Each structure stands twice: as structure tokens, then as C-alpha cells.
Amino acid sequence: MTHRILMLPGDHIGPEIVAEADRLLQALIDDYGLDATLEYAHLGGCAVDAEGEPFPASTRRLAEAADAILLGAVGGPQWDGLPRDKRPETGLLNIRSALGLFANLRPAILFPELVDASSLRPDVVAGLDILIFRELTGGIYFGQPRGLRTRDDGIREGFNTLVYGADEIERIGRAAFQAASRRGGRLCSVDKANVLESSELWREVMTSIAPDYPDVELSHLYVDNAAMQLVRDPKQFDVIVTGNLFGDVLSDCAAMLTGSIGMLPSASLDAGGRGLYEPVHGSAPDIAGQGVANPLATLLSVAMLLRYSLDEGALADRVERAVGRVLAAGRRSPDLAADPAQALGTRAMGDAVVNALDR
Ligand code: NAD
Ligand code: IPM
Ligand code: MN
């Protein structure tokens, strides 16, 4: 059966990096037997400009019909002044929520060739392989009430609600336990249970389901300590499970251990196997239009898409091997290069990965 892949380039560097994913997928279709069609739709600022909404109904229909979705990135300063419901980021939150994509997998893997590109010492990061499970459709990102208001004394205030149901905690917890049991057998749950009731419940639920996974060793850390441990000794971690906001912050931090935020892919999965795949980084307006963005996080997101939504594990391995070969040959985008003048641009890196696919 032909797989339907929906491509959502988004804003700023989004279309530049998704163009490389398109070329990679096209090569897999033409030369490696991938049976897929690519469709395109608007999400984010480009959707606001073209259709008046950051997550238009037409995009939603295509997303619901697709087997998998690949997103570039959304957002940019020109849309920051819009009312919140028209913001590009709201479009992203809405597609995650509408499709029930509660499990966000963010692997932070250091390619051996990049050990000198990390901001930490080689002995601290060599061999790093962490998987972060971020809860993606709940927590403070979605809690009600939220808003802006003016107090009786005339001072304005902004407010948000951090709420987690035991059901939401349990389903991300079980997904993370299952992944840990297939990997290194260690799961660290990150919360702020010393201060927050939502975290007290989080810890209680994680502890209560642990006996169902006897081969997994569960530990708990407060988020402030977890942030410190990630840069002190990141290799102590195997799988990390945490809430929406903590996961957002910790995954950018983990990204830097791998050399650049331009290296980190992600998968956002529902309960069935449909997924949205995107780099962890944003739309990088500061470098857009120059053809210098690192496309590898997006190409590695294509590998995750092949593995998790299309059941094409062998093709996913092939893409990851190709990325490894390009890096082993010393080819780097400017964010990773010691001498940015010698670096390859977005298109050249995309070409290099396609050319490095094994025959
Ligand atoms: P960002 O991740 O876009 O950029 C942070 C820094 O990393 C910038 O200096 C940027 O140039 C660099 N960078 C990011 N991706 C890179 C790549 N592939 N290659 C080389 N360098 C790269 O974060 P930001 O600046 O805080 O946000 C910019 C916009 O992106 C905002 O509108 C934000 O809301 C949005 N955003 C979107 C997503 C998403 O779509 N999933 C994620 C994060 C931020
Ligand atoms: C991410 C981004 C998004 C998030 C924003 C753009 C809504 O930072 O995917 O990490 O906070 O989830
Ligand atoms: Mn983020």
C-alpha cells in the first residue's frame, strides 16, 4: 500500500530543510523501493498568511488522512504580535492536540565524529545515547484557565494552569517504560514534586506502574537537579520521562551535548502509530534565506518517520548510516564546523547524505 506522507515546511528555515527531506524521500522512492507519495500543506505563519489560520481545516483533513507527517519549523518575529489563537506556535500546539500526539520522543545521540563539536569535554559526552520522552498534549501548555487580566489595583497579570490527569501521566509513563525495557533498562522520571501537586501525582503514578516493568530500574530527579546532571554527567541517563514544559527545556539542553541543536530529530506519536516528525529546533529566523541551516535534524526525523510510522526500519538504518558517513568524511554545516568558511550549506549537506546512501 502506498504510504501518504504529509509535508509541512512551515516558516523561515523550515522550507529550506524540508526541501532536503523531500529530495531524500524522492531518492528512497526512486532507487530504494519506498512506496510513498508526498503531499504538501500549510502550518504556522505561512498558513496564517495564505489561509488566515495557523492550522487550517484543509491541513487538518490532510493530516488526518496521512500515514505520517514531516514538519520543518514554525514561527517568526513577524507573527509575534498576533492574537494568541493566530500565532504560528498555536497552530503547532493545535495539530499535536488534534491528532492526539501525546508521546514526544527526542533522542540525543552523539555521532562519534562530532565528539569535538560538543560544548562539553569528549570524555563527558563520547558514546552519549539518551532518549527523552516528553509529554506533549497536556501540562501547562494546555491547562485552563489561562490568560491575561488586570487586577483591581490596575496591575496586569498573566496566568497559566499546570494540570495533569493520572491517565495522561500513566500513558506517557507506560510508553517510556516500554522503551526503557527495549534499551538500557533505566528510566529517570523528572518532576518538581517538592513544590508542585501535579508533580506529586506524576511521581506517584510513575511509581505505581513500575512493578509492571520489572526489568526497568526507575529513578526520580527534581528538574533543577536533572538540568545540572545533564551537563555534569549526561551518560548516567538512558531514558528520561517528563512533562511538557520540562521536556521542552531539557531537550534543547540535551541537544547541545550532541554538538548542535541542528542534530536533534523528534517523533510525536499517538496511541496507534501515526506520528508527526520534526527537528527539535525552531525556524531560526536569524539564519533563514542564507542556505546555511543544518538539515541533519530533519533528515534524521525522516529516519524516525520511516521506522515508527512506515515500518521501514531497514531504510531508516540506511539514512542514519548515510548521515554517519557524511560526518565521518569531515563534512559539516556551519553550526558544527571549526571553520565555518569551509562548511557545507543546506543543499550541499542534503546532497552529501543522498550520495552516501549505500547501494
Ligand atoms: P531556534 O531553535 O529557531 O534557534 C535558536 C538558535 O539555534 C538560533 O541561533 C538558530 O540560528 C540556531 N539554529 C536552530 N536550528 C538550526 C539549524 N538547523 N542549523 C543551524 N542553526 C540552527 O529557536 P528560537 O530562536 O528561540 O525561535 C525562533 C522561532 O522558532 C520562534 O518563532 C519559535 O517560537 C519557533 N520555534 C519553533 C519550533 C517548532 O516549530 N517546532 C521549535 C522551537 C522554536
Ligand atoms: C518545540 C517548540 C514548541 C514547544 C513551540 C514552538 C510551541 O519549542 O517543539 O520544542 O514549545 O513545544
Ligand atoms: Mn522547544
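Residues numbered from 1 in each chain as written. Chains lettered and ligands numbered in written order. Predicted model: local features only at pLDDT ≥ 70, side-chain atom pairs only at ≥ 80, totals over all residues.

(A) Summary view of the environment of glycine 324. Along the polypeptide, glycine 324 turns up in helix α11 (residues 313–328). Glycine 324 sits 16 residues away from tyrosine 308 along the chain, and the two C-alpha atoms are 20 Å apart. (Helix = DSSP H or I, 4+ residues; strand = E, 2+ residues; numbered from the N terminus.)

(B) Highlighting the UniProt feature "binding site: Mg(2+)" (unreviewed entry) in the chain. Within the UniProt annotation, "binding site: Mg(2+)" (unreviewed entry) is assigned to Asp224, Asp248 and Asp252. Residue placement: aspartate 224 occurs in helix α8 (residues 223–232). Among the structural elements, aspartate 252 can be located in helix α9 (residues 244–257). Those residues within four positions of aspartate 252 in sequence are excluded, and the remaining contacts are Ile261 and Val280. (UniProt positions renumbered as here; feature names shortened; annotations may be inferred. Contact = placed C-beta atoms within 7 Å.)

(C) Expanded view of the site of ligand 1. Surrounding ligand 1, one finds 20 residues, the nearest of these being Gly75, Gly262, His281, Gly282 and Asn294. Of the residues in the shell around ligand 1, the class split is nine nonpolar, seven polar and four charged. (Near = placed C-beta within 6 Å. Nonpolar A, V, L, I, M, F, W, Y, C, P; charged D, E, K, R; others polar.)

(D) The arrangement of the site of ligand 2 in detail. Every residue close to ligand 2 is listed here: Gly75, Glu89, Leu92, Leu93, Asp248, Val280 and Gly282. For the shell around ligand 2, the leading source of residues is helix α4 (residues 88–98), giving three residues. Of the residues that constitute the shell around ligand 2, the class distribution is three nonpolar, two polar and two charged.

(E) Representation of the pairing of strand β9 (residues 217–222) in the model. Where strand β8 (residues 186–191) and β9 come together, six bridges link them in parallel fashion. Within β9, the residue paired with aspartate 191 across the bridge is tyrosine 222. At this point the chain moves from β8, through helix α7 (residues 197–209), to the parallel β9, and the crossover so formed is right-handed. (Pairing = 2+ DSSP bridges. Right-handed = clockwise from strand over helix to strand, strands pointing away.)

(F) Focus on unusual backbone geometry. With an omega of 0°, the peptide bond running from glutamine 144 to proline 145 counts as cis. Take proline 145: it is sitting in strand β6 (residues 143–150). The phi dihedral of alanine 284 falls on the positive side, at around 40°, and the residue is not glycine. Examined against the element boundaries, alanine 284 turns out to sit in the loop between β12 (275–277) and α10 (296–308). Even without glycine at this site, aspartate 311 takes up a positive phi of about 60°. Topologically, aspartate 311 is positioned in the loop between α10 and α11.

(G) A look at the packing of α8 against α9. Here α8 crosses α9 at 10°, and the two axes come no closer than 10 Å. Our classification of the angle between α8 and α9 gives roughly parallel. Contacts from Val223, Ala226, Ala227 and Leu230 in α8 reach Phe246, Leu250, Cys253 and Ala254 in α9. Looking at the contact of α8 with α9 residue by residue, the class counts come to eight nonpolar, no polar and no charged. (Axes fitted to C-alpha atoms, helices over the stretch in contact; angles between N-to-C directions. Parallel < 35°, antiparallel > 145°, perpendicular 65-115°, else oblique.)

(H) Local environment of the domain arrangement of the chain. The assigned domain composition of the chain is domain 1 (1–102 + 270–359) and domain 2 (103–264). The straight-line distance from the C-alpha centre of domain 1 to that of domain 2 is 23 Å. Opposite the 19 residues of domain 1 that make contact, domain 2 presents 22 residues. Counting only elements with at least two residues in the side of domain 1 that touches domain 2, the list comes to α4, α10 and α11. Looking at the side of domain 1 that touches domain 2 residue by residue, the classes come out as eleven nonpolar, six polar and two charged. (Domains from an automatic or database assignment.)

(I) Quick look at the sheet that holds strand β11 (residues 267–269). Strand order in the open sheet made by the ten strands is β2-β1-β3-β12-β11-β4-β5-β10-β8-β9, with mixed pairing throughout. The sheet terminates laterally at β2 (36–40) and β9, the two strands that pair on one side only. Ignoring strand direction, the axes of neighbouring strands in this sheet form an average angle of 25°. When strand β1 (residues 3–10) meets β2, the two strands line up parallel, connected through five bridges. Each bridged residue has a counterpart across the sheet, and for arginine 4 the counterpart in β2 is threonine 37. Against the sheet, helix α1 (residues 13–31) makes contact with β1, β2 and β3 (68–73), and its axis sits at roughly 145° relative to β3, the strand it touches most. Against the sheet, α7 engages β8 and β9, with an angle of about 165° to β8.

(J) The arrangement of the nonpolar core in detail. In terms of nonpolar packing, the biggest core is built from 97 residues, with Ile69, Leu70, Phe133, Ile240 and Val302 touching the most fellow members. Of the residues forming this core, the biggest block, nine residues, is contributed by α10. Both of domain 1 (1–102 + 270–359) and domain 2 (103–264) provide at least three residues apiece to this core. Discounting residues that sit within four places of it in the chain, isoleucine 240 has contacts with Ile130, Ile132, Phe133, Cys188, Val190 and Leu250. (Core = buried A, V, L, I, M, F, W, Y, C linked by C-beta atoms within 7 Å. Buried ≥ 20, exposed ≤ 12 C-beta atoms within 10 Å, placed from the backbone.)

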